[in-house]
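Here is what each chain is made of, one letter per residue.
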Amino acid sequence: MTTHREFFLRRLHSLLGVIPVGVFLTQHLFVNNLAVRGPEAFEAGAHFLESLPFRYFLEIFVIFLPLMYHAFYGLYIAFTAKNNPKEYGYLRNWAFVLQRYTGVFLVIFIAWHVYETRWQAALGAEVNFNMMAEILSNPWMVAFYVLGVITATFHFANGIWSFLVSWGITQSPGSQRVATVVTMLFFVVLSVIGVQAVFAFV
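Fair warning: this is a prediction, and the values are worked out from it, not measured in the lab.

Further remarks concern the overall build of the protein chain. The number of helices and strands found in the protein chain is nine helices and zero strands. Tracing the protein chain from N to C terminus, the helices and strands come up as α-α-α-α-α-α-α-α-α. Expected size for 202 residues packed as a compact globule is a radius of gyration near 17 Å; at 18 Å, the protein chain falls within 12% of this value. For the protein chain, the residues scored as buried account for 39% of the 202 residues in total. Considering only intrachain contacts with a sequence separation of at least 6, the fraction spanning at least 24 residues in the protein chain is 73%. With the model as given, the accessible surface of the protein chain reaches about 12,200 Å², and the carbon-plus-sulfur share is 72%. Averaging the positions of the 11 positive and the 9 negative side-chain charges in the protein chain gives two centres separated by 20 Å.

In structure tokens, the structure reads:
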């Protein structure tokens, strides 16, 4: 019974990491990248999202709750997984280890990002271009956000690879090699988009 329960929980963790959490991450990075075009473009994109119908329902049930489950069950996986990169040393094993480390870091990074933005908004602050520019006026915060973006994009891209395997979509070694190339290219593209957005506020 416990095995079936854990199997279900892991499948749910995998699914939520891609849909909706990964989809939200991608959308979030693209909207933030509008800052490259200037404050007006960024704030127009942010305003469009804020004006969506059922916004609070979407934020709670499509973003917040799935993210919380994925984060906390991910911590359980991270601290119970047996990591052995030195013994095996191949690419996928290192990716497995990095997935756990990046997951732990992302819990810290996302909590801080939410505190600096959504929590401050709940206290009356306005989430806009100037808010992010002020946050990123500190070089240490720029480094922290760049690391956060790269960590998030790797975690998502590598998570897609694991999702494809665990859901039986890529079973052969050949299909898994192709998936590795595609997901790592996706990681690079998303990282560029996200890092560009960070420096657009600086």
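Next comes the rest of the write-up.
In this section: the packing of aromatic side chains. Scanning the model with the defined rule gives 15 aromatic pairs in all. Centre to centre, the rings of Phe57 and Phe61 are 4.9 Å apart; their planes meet at 35°, and the pair counts as tilted. Of this pair, Phe57 and Phe61 both sit in helix H4 (residues 55-80), four residues apart, roughly one helical turn. Using a relative accessible area of 48% as the deciding quantity, one classes Phe57 as partly exposed. Judged by its relative accessible area of 47%, Phe61 is partly exposed. Ring geometry for Phe129 against Phe201: centres 5.0 Å apart, planes inclined by 45°, an arrangement best described as tilted. On the criterion of sequence distance, the pair formed by Phe129 in helix H7 (residues 129-135) and Phe201 in the segment after helix H9 (173-200) is long-range, its members being 72 residues apart. Residue Phe129 is classed as buried on the basis of its relative accessible area of 11%. Put simply, the rings of Phe105, Phe109, Phe144 and Tyr145 pair up and form one aromatic cluster. The lysine or arginine in question, Arg92, covers the ring of Trp161, its NZ or CZ lying 3.7 Å from the ring centre.

The next thing to look at is the pattern of salt bridges. The final tally for this structure, using the stated rule, is three salt bridges. Arg10 is the salt-bridge partner of Glu6, the closest N and O atoms lying 3.2 Å from each other. Pair noted here: Glu6 and Arg10 are both in helix H1 (residues 2-18), with a separation of four residues, about one helical turn. Given a relative accessible area of 28%, Glu6 falls into the partly exposed group. Note that Glu59 is salt-bridged to Arg55, the shortest N-O span being 3.2 Å.

When two helices pack together, their arrangement is given by the angle between the helix axes and by the axis-to-axis distance. Orientation of helix H8 (residues 139-166) relative to H9, taken along the N-to-C sense of each, is 155°, at an axis distance of 9 Å. When the axis of H8 is compared with that of H9, the two are roughly antiparallel. The way H8 lies across H9 gives a crossing that is right-handed. When its residues are assigned to classes, the contact of H8 with H9 shows 20 nonpolar, seven polar and no charged.

Looking now at the environment of Phe186. Along the chain, Phe186 turns up in helix H9. Counting along the chain gives 26 residues from Phe186 to Ile160, while the straight-line C-alpha distance between them is 10.0 Å. Aside from chain neighbours lying at most four places away, what touches Phe186 is Thr26, Phe156, Ala157 and Ile160.

A few words now on the environment of Phe154. For Phe154, the location among the structural elements is in helix H8. Among the residues examined, Phe154 registers a relative accessible area of 11% and is labelled buried. Separated by 30 residues in sequence, Phe154 and Met184 have C-alpha atoms that sit 7.8 Å apart.

For the rest of this paragraph, the subject is the nonpolar core. Within soluble globular proteins, side chains that are nonpolar tend to cluster in buried spots. One finds Met132, Ile135, Leu136, Tyr145, Phe156, Val198 and Phe201 to be the most contacted residues of the largest nonpolar core, which totals 29 residues. Elements represented by at least two residues in this core include exactly helix H2 (21-33), helix H6 (91-122), H7, H8 and H9. For this core, the element with the most residues is H8, which contributes 11 residues. With residues up to four places along the chain from it excluded, the contact list for Val198 reads Leu136, Val142, Tyr145, Val146 and Val149.

Conventions used here
Residues numbered from 1 in each chain as written. Predicted model: local features only at pLDDT ≥ 70, side-chain atom pairs only at ≥ 80, totals over all residues. Heavy atoms only, no water. Helix = DSSP H or I, 4+ residues; strand = E, 2+ residues; numbered from the N terminus. Rg over C-alpha atoms; globule rule 2.2 N^0.38 Å. Buried < 20%, exposed > 50% of the residue type's maximum accessible area, 1.4 Å probe, protein only. Contact = heavy atoms within 4.5 Å. Areas by Shrake-Rupley, 256 points an atom, 1.4 Å probe, with all protein chains shown as cover. Lys, Arg positive; Asp, Glu negative; His and termini not counted. Charge placed at Lys NZ, Arg CZ, Asp CG, Glu CD. Phe/Tyr/Trp six-rings, centres within 6.5 Å; stacked < 30°, edge-to-face > 60°. Lys NZ or Arg CZ within 6 Å of the ring centre and 35° of its normal. Salt bridge = Lys/Arg side-chain N within 4 Å of Asp/Glu carboxyl O. Axes fitted to C-alpha atoms, helices over the stretch in contact; angles between N-to-C directions. Parallel < 35°, antiparallel > 145°, perpendicular 65-115°, else oblique. Left-handed = near helix turned anticlockwise from the far one by under 90°. Nonpolar A, V, L, I, M, F, W, Y, C, P; charged D, E, K, R; others polar. Core = buried A, V, L, I, M, F, W, Y, C linked by side-chain atoms within 4.5 Å.

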